[in-house]
Every structure is written in C-alpha cells, then in structure tokens.
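# Architecture at a glance
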Amino acid sequence: MRYFYNKLFVFGIALGVMAVVLVIGIGQAQFEQEKIKNAAMKTYMNFYKIYMPYNSKDSLGFIGMSHEQAKKIKNETVDLAKTSVLSEIRLFADISHGTEILDAKPIMVDGEFIEIGLIDMVSGRFITSEDDLNKSNVCVITESLFEYLGGGDNIDVMVGESEFRVIGTFKPSMSLASTDQYMGIDLDRAIFIPVASAFKYLFKEEEPLGRMIMMLAAKVPDEAAFMKIKQLLPRIQIENKDSAKLTIVSGAHEIEGFYSEQIQMYLAIFTVSLLVLLAAGMNIIQVASASVMDNKKQIGIKIALGATRKDIMLEISKNIIWCCLKGGFIGVALSGLIHFALNRYLGQYYATFNLLTALVGVSLSFVVGLVTSLVPAKKAVGFEPTQLLRQEG
C-alpha cells in the first residue's frame, strides 16, 4: 500500500475506532446514570421542598421566605407532613477551628429536621426545640469533620465571630443522589445550627425581617397529603401578602429534570460520534479499493513470478489489517483523551473508558480490517495477469 494511502487508511480507522469507543463508553455511562436516576427517584419520592422560586422583579434576586411565614406553613401542615427549616447561611461562610478555616457550610435547621430522614445520627444528639427556644450556641457536624478535628469531647467551632459547641455528629442517610441536586444543600459539608441561634449570634437580630429562610424541607407520606399542601400554599401566601409564589416540588421531579439534561448531552455526543463513524467507514472502503487499483501492475508482476492468488490475497489482507490495527491503537488512545476531557471539563460522569472499551476498539479495528480486505483482495486476484501487466505505472 502506498505511503499516502497507508496514512489515509490509518487515519480513517483511527476516526472510526475513536467514534465506536466513544459511543460504547457513553452508552455504558448512560446506562449507569439511568440506574442511578431510577434509584434516586424512588428514594426521593416522598421528599419535597417548599420554597419561593426566583422572582425576576426582585432586584436582589433573593430566594426565600420570612421566618414568620415558614412557621405559618409548618403550623398549617403539621398533620400532613414533617417539615423543617433548611437554609444555608451565606452571609457568614467562614467556619474555623483554631486558626484553620474548615471546608464546611453553616445550615439553619430546627429540631424537626432529624425526623425527615435525610441524615442519620452517629454520635451525640441532634438539635432540639429547647435549643432553638433557648438560642443555644450548639451545632451538629458531619462524622468526617468530627474525626478530622480529632474527636473527643468539648469541641468548638467558630461560625463568623461566634463560637458553637459540637453536640453531635451525623452522616447523610442517602448516597444514591446528593441533595444539592434538588435542594441546593450539600449535606456532606453541612454544620447544622438552630434557627433562633443563627438569628441571634450571626444576624445579630432576635427576629429578622425579610426573606431569610431559603426553604422548608418536607417529608410527605402520600399524594393526597401533597395535594392538600399544594392547595394550602396560595392561601398562606395571600395572608402574608407576599408577592412571590410559594411552590412545593418533589425531589423525584427535580432529579428527573437534572438527569434529563444529562441524557440530552449524551444524545448529542452519541450523534456526533455516529456521524464520524459513518464517515470513517466510507473512507476506509474507498481508500482500500483505490489502493488495490493503483497497484494492479505490481500484483500482475508478482503473479507472473510465481505468486499464487492465495499469496496475493494474504499479502493484501495482512497489509490492510496491520493498517487497521495501527489506526485502532491510535483511535483507542484518542478516545481515552476525549473521555478524560468530557468527564473533567463537563463536571459529570459522561463517559466510561475501561479495559472493555479498549478491547472492543482494538477488536473492531481487526474485524474491520479483515472484512475490508476481502473485497479488494478478491478483486485483485480476479484480473488476468496479462491485463495487469499492461497497466501503466
């Protein structure tokens, strides 16, 4: 095979293998993501958030409700669901222990949060209604942060300029899908503080006005309770004369939307990879046939010198298969780089690259080489030697 055809053939195979490996890798990742999505939707089926969606007319763009309104909703829905304030304190982000800044986020909750079921206590106790009533300087931290701080009794952390005593440790009770996908709260980094304590020591107010509460987390037992809460919210909104619209949304619904965006991305990448594969396949056939046609005279000379038709077929097949294998190795390497870039820069697990996808890529290049070589090889040995020798360079 001539040098130009050789390089063009290897390039075509590399593109084809790269596309196939991408398609397989993306398909594997999509299959895994679909399983995670289904499990997550089942897990979060009874978990809801009550909040006010972003209001474009609000110049501050702040999402939330007043504490008074949150308490009103809790009182009105006490027989329908378990609810709790769940609100990240974004104005006082720095949490420290000694001179070290900790990778954690302060979260306002009330004593009912533990009953919702999003976390499990590991040691100590959770915040109680008495802690909230007495505005105690207490907090509950993650098990991993507790171990990082050395464990033991009498551990204090600073939130802004205020000191809080650690009274218990927890861990998220769900690992199937992170709550930050539908609540905007990362439980793996949370430090829970009583609502009233946060108002007093961080906001420096006994009962701040305005929208301070991001949302209420709710565990709703069934569809009937959900519909009753949905009907209650407009009345509570009117009574509080709030321009923003109160909304209740299930975790399953939010997660379905999150994964739907991922599926759209999968389909886009899959479509591009498939088009590349088709283009590469056309290139392979054309290059292989053109190479044989350009070497008819050399084939005739070899037959005249005693080479059998079987020898010619084997030589052409070996040449094409070797070119395909070289293209396969290059295609696998390129697909590995693309997989890495997709997963790193898109920030999600969009593609799988493992031994299976690599073996599939190399095996495919061998099979393509074998199949592609049959047509030009048979075509080459079908000519009469005298006709081949008349072919000019």
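Residues numbered from 1 in each chain as written. Predicted model: local features only at pLDDT ≥ 70, side-chain atom pairs only at ≥ 80, totals over all residues. Heavy atoms only, no water.

The helix and strand tally for the protein stands at 12 helices and 12 strands. Each of the 393 residues in the protein was classed as buried or not, and the buried ones make up 46%. Considering only contacts within the protein whose residues lie at least 6 apart along the sequence, 80% involve residues at least 24 apart. Taken as a whole, the protein presents about 20100 Å² of accessible surface, with 59% of it coming from carbon and sulfur. (Helix = DSSP H or I, 4+ residues; strand = E, 2+ residues; numbered from the N terminus. Buried < 20%, exposed > 50% of the residue type's maximum accessible area, 1.4 Å probe, protein only. Contact = heavy atoms within 4.5 Å. Areas by Shrake-Rupley, 256 points an atom, 1.4 Å probe, with all protein chains shown as cover.)

Looking now at a nonpolar patch on the surface. On the surface, Phe366, Val367, Leu370 and Val371 cluster together into a nonpolar patch covering about 330 Å² of accessible area. On the basis of relative accessibility, which here comes to 39%, the residue Leu370 falls in the partly exposed class. (Patch = residues over 30% accessible without salt bridge, like charges linked within 9 Å, V, L, I, M, F, W, Y side chains within 5 Å. Salt bridge = Lys/Arg side-chain N within 4 Å of Asp/Glu carboxyl O.)

So, about the packing of aromatic side chains. For any pair of aromatic rings, the description consists of the separation of the ring centres together with the inter-plane angle of the planes. For the structure shown, the criterion picks out seven aromatic pairs. An angle of 40° between the planes, with centres 4.9 Å apart, marks the rings of Phe170 and Phe192 as tilted. Of this pair, Phe170 sits in strand β9 (residues 162–172) while Phe192 sits in strand β10 (residues 190–194); the two residues are 22 residues apart in sequence, bridging distant segments of the chain. An aromatic cluster of three or more residues is present, and its members are Phe113, Phe126, Phe170 and Phe192. For the cation-ring pair, Lys49 lies above Tyr51, with the distance from its terminal atom to the ring centre recorded as 4.5 Å. (Phe/Tyr/Trp six-rings, centres within 6.5 Å; stacked < 30°, edge-to-face > 60°. Lys NZ or Arg CZ within 6 Å of the ring centre and 35° of its normal.)

Another aspect to go through is unusual backbone geometry. Despite not being glycine, Lys135 has its phi angle at roughly 55°, a positive value. Looking at the secondary structure, you find Lys135 in the loop between α4 (129–134) and β7 (138–142). Look at Asn154: it is not a glycine, yet its phi comes out positive at around 60°.

If you walk through the whole model with that rule in mind, you get nine salt bridges. Between Glu68 and Lys71 there is a salt bridge; the shortest N-O distance is 3.8 Å. You can see Glu68 and its partner Lys71 sitting in helix α2 (residues 67–76), three residues apart, about one turn around the helix. A cluster of three or more residues bridged by salt bridges with shared partners is formed by Lys72, Glu76 and Arg235.

Let us now look at α2. Side chains three or four residues apart in an α-helix point the same way, a direct result of the helix having 3.6 residues per turn. All of the buried residues along α2 are His67, Gln69, Ala70, Ile73 and Lys74. Projected down its long axis, α2 shows its buried positions confined to an angular sector of 160°, all on one face. (Arc of directions from axis to C-beta.)

Along the polypeptide, Ser84 turns up in strand β2 (residues 82–88). Within the local environment of Ser84, its side chain forms a polar contact with the side chain of Asp110, the two groups lying 2.8 Å apart. Residues within four places of Ser84 in sequence aside, it is in contact with Lys74, Val109, Asp110, Glu112, Phe113, Ile116, Met215, Leu216 and Ala217. (Polar contact = N/O pair within 3.5 Å; in protein donor to acceptor, adjacent residues only side chain to side chain.)

Next up on the list: the environment of Thr357. Looking at where Thr357 falls in the secondary structure, it is placed in helix α11 (residues 355–381). The spatial distance from the C-alpha of Thr357 to the C-alpha of Gly336 is 9.4 Å, given a sequence separation of 21 residues.

Let's shift gears to the environment of Thr83. By the secondary structure assignment, Thr83 is in strand β2. Taking the C-alpha atoms as reference points, Thr83 and Asp110, separated by 27 residues in sequence, lie 9.2 Å from one another. If we ignore the near neighbours within four places in the chain, the residues touching Thr83 are Lys74, Thr77, Asp110, Glu112, Ile116, Ala217 and Ala218.

Moving on, we get to the confidence of the model for the protein. When pLDDT is averaged across the protein, the result is 77; 73% of the residues are at 70 or more. Mean pLDDT values for the elements of the protein range from 59 in helix α12 (residues 385–390) up to 95 in β7. Counting interchain partners and residues more than four positions distant, the pLDDT-below-50 stretch residues 56–62 has four contacts. (pLDDT = per-residue confidence, 0-100.)

β10 sits mainly inside the fold: five of its five residues count as buried. Alternating positions in β10 separate into two faces, Ala190, Phe192 and Pro194 on one and Ile191 and Ile193 on the other, with burial throughout. As defined by bridge partners, strand β5 (residues 105–109) adjoins β10 across five bridges and the pair is classed as parallel. Note on β10: the bridge partner recorded for Lys105 is Ala190. (Pairing = 2+ DSSP bridges.)

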